[in-house]
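Descriptive structure summary
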Amino acid sequence: MWISILGCSGGIGPGNRTTSILVDNDILLDAGSGVGDLQMQQMIQIKHIFISHSHLDHIAFLPFLVDSIFSQIEEPIQVYALPETIKALKAHIFNWVVWPDFSELPNKEKPVLVFNEIAPYQDIQVGERNITAVPVEHVVPGVGYVVTNQQGKTFAFSGDTATNDTLWEELNKRPRVDTLMIEAGYPNSMESLSKLAKHYTPQILAQDIKKLKHRPHLMISHLKPGLEVQISEELHEELKDYKITCIKSGDSIQL
Ligand SMILES: [Zn+2]
Ligand SMILES: [Zn+2]
């Protein structure tokens, strides 16, 4: 299973792309600005898109992706998200004002985009990969995703979250967690803002991760531009026993 980080930043700027992860060639987790670096040949291979929550940095390039490949694909792209997220996408993005409603184009019978509501803890099998939506704690309803391949190798993606129990409980049910992509958006000095925005700081992440019985490789994402060095230093200080990588767009791993 290939995991390609198309974007993982908490903002924009040279080299920074917002959250989007390609799993093998056909599954996308979130559709932030990282999607914009894909070649057409790569874009048309994407068949399943799992959205963590409705915030713009996680959905911004979904409208452009669908529009770009509209005439190139035979089967509709399947988008999976919580009902609240789909409602937000339909009301605020695909509403014929901001962007056309591609779930009705070219016609309602065979659209280019299909929205699929998912429930917390629902498993979806895509080929040889199983994807589970795990509720997390953010300012809008949100999930992370746990992706497992046939060999049981497991990649977990937290989405955006503050302190919670649900993600850790779900991961503890698994026999193994190889890699955990988890956010740490703000430095320790901005703890009060992180609590308002419902993101982790290194210190709060270090407290929370004590709930986890596994010791995965931590791929840290969503660092605020300009604060990467500070957050990275704090993470290495707080999480000395873990293998930590502050990831950037273009990184990839094989599981
Ligand atoms: Zn968010
Ligand atoms: Zn975000």
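Structural data are supplied above this passage.
Here's what I pulled together on the structure shown here. Since we're looking at a predicted model, the values are computed, not measured.

**Let's talk about the side chain of Glu234**
Among the secondary structure elements, Glu234 is positioned in helix H8 (residues 228-238). An unpaired buried charge is present at Glu234: no salt bridge exists, and Lys240, the closest side chain of opposite charge, is 13 Å distant. Residue contacts for Glu234: discarding those within four places in its chain leaves Pro187, Asn188 and Pro202.

**Concerning the pattern of salt bridges**
This structure, assessed with the given rule, holds 13 salt bridges. Here Lys198 and Glu137 are joined by a salt bridge, their closest N and O atoms 2.6 Å apart. In this pair, Lys198 sits in the loop between helix H6 (191-197) and helix H7 (202-208) while Glu137 sits in the loop between strand S8 (129-135) and strand S9 (143-148), placing the two residues 61 residues apart along the sequence. We classify Glu137 as partly exposed; its relative accessible area is 32%. Asp208 serves as the salt-bridge partner of Lys211, at 2.9 Å between the closest nitrogen and oxygen. Relative accessible area serves as the criterion here: at 33%, Lys211 is assigned to the partly exposed category. According to the relative accessible area criterion, Asp208 is buried, its value standing at 4%. One salt-bridge network, in which partners are shared between bridges, spans Asp24, Asp26 and Arg129.

**A few points about the coordination of the zinc ion (ligand 1)**
Donor atoms from the polypeptide that coordinate the zinc ion (ligand 1) comprise His53 (NE2), His55 (ND1), His138 (NE2) and Asp160 (OD), at 2.1 to 2.4 Å from the metal. The distance between the zinc ion (ligand 1) and the zinc ion (ligand 2) is 3.5 Å, with Asp160 acting as a donor to both metals. Take His53: its relative accessible area is 1%, and that puts it in the buried class. Using a relative accessible area of 24% as the deciding quantity, one classes His55 as partly exposed.

Cut-offs used in this document
Residue numbers here run from 1 along each chain, matching the order of that chain's written sequence. Just so you know, chain letters begin at A and ligand numbers begin at 1, following the order they were written in. Local features in a predicted model are, by the rule used here, given only for residues with pLDDT of at least 70; side-chain atom pairs are given and counted only at 80 or more, and totals for whole chains, interfaces and linings are based on all residues. Computation of side-chain values: all heavy atoms of the structure, hydrogens and water removed. Labels follow the DSSP assignment, with helices taken as runs of H or I lasting at least four residues and strands as runs of E lasting at least two, numbered in each case from the N terminus. Exposed residues in this analysis have more than 50% of their type's maximum accessible area, buried residues have under 20%, and partly exposed residues fall in between, with area computed by a 1.4 Å probe over protein chains only. None of His or the chain ends enter the tally, which takes Lys and Arg as positive and Asp and Glu as negative. The term salt bridge refers to a pairing of a side-chain nitrogen on Lys or Arg with a carboxyl oxygen on Asp or Glu at a separation within 4 Å. Here a residue-residue contact requires only that any non-hydrogen atoms of the pair lie within 4.5 Å. Only nitrogen, oxygen and sulfur atoms within 2.8 Å of the metal, or 3.2 Å for Na, K and Ca, are treated as donors, and water is left out, so sites may look incomplete.

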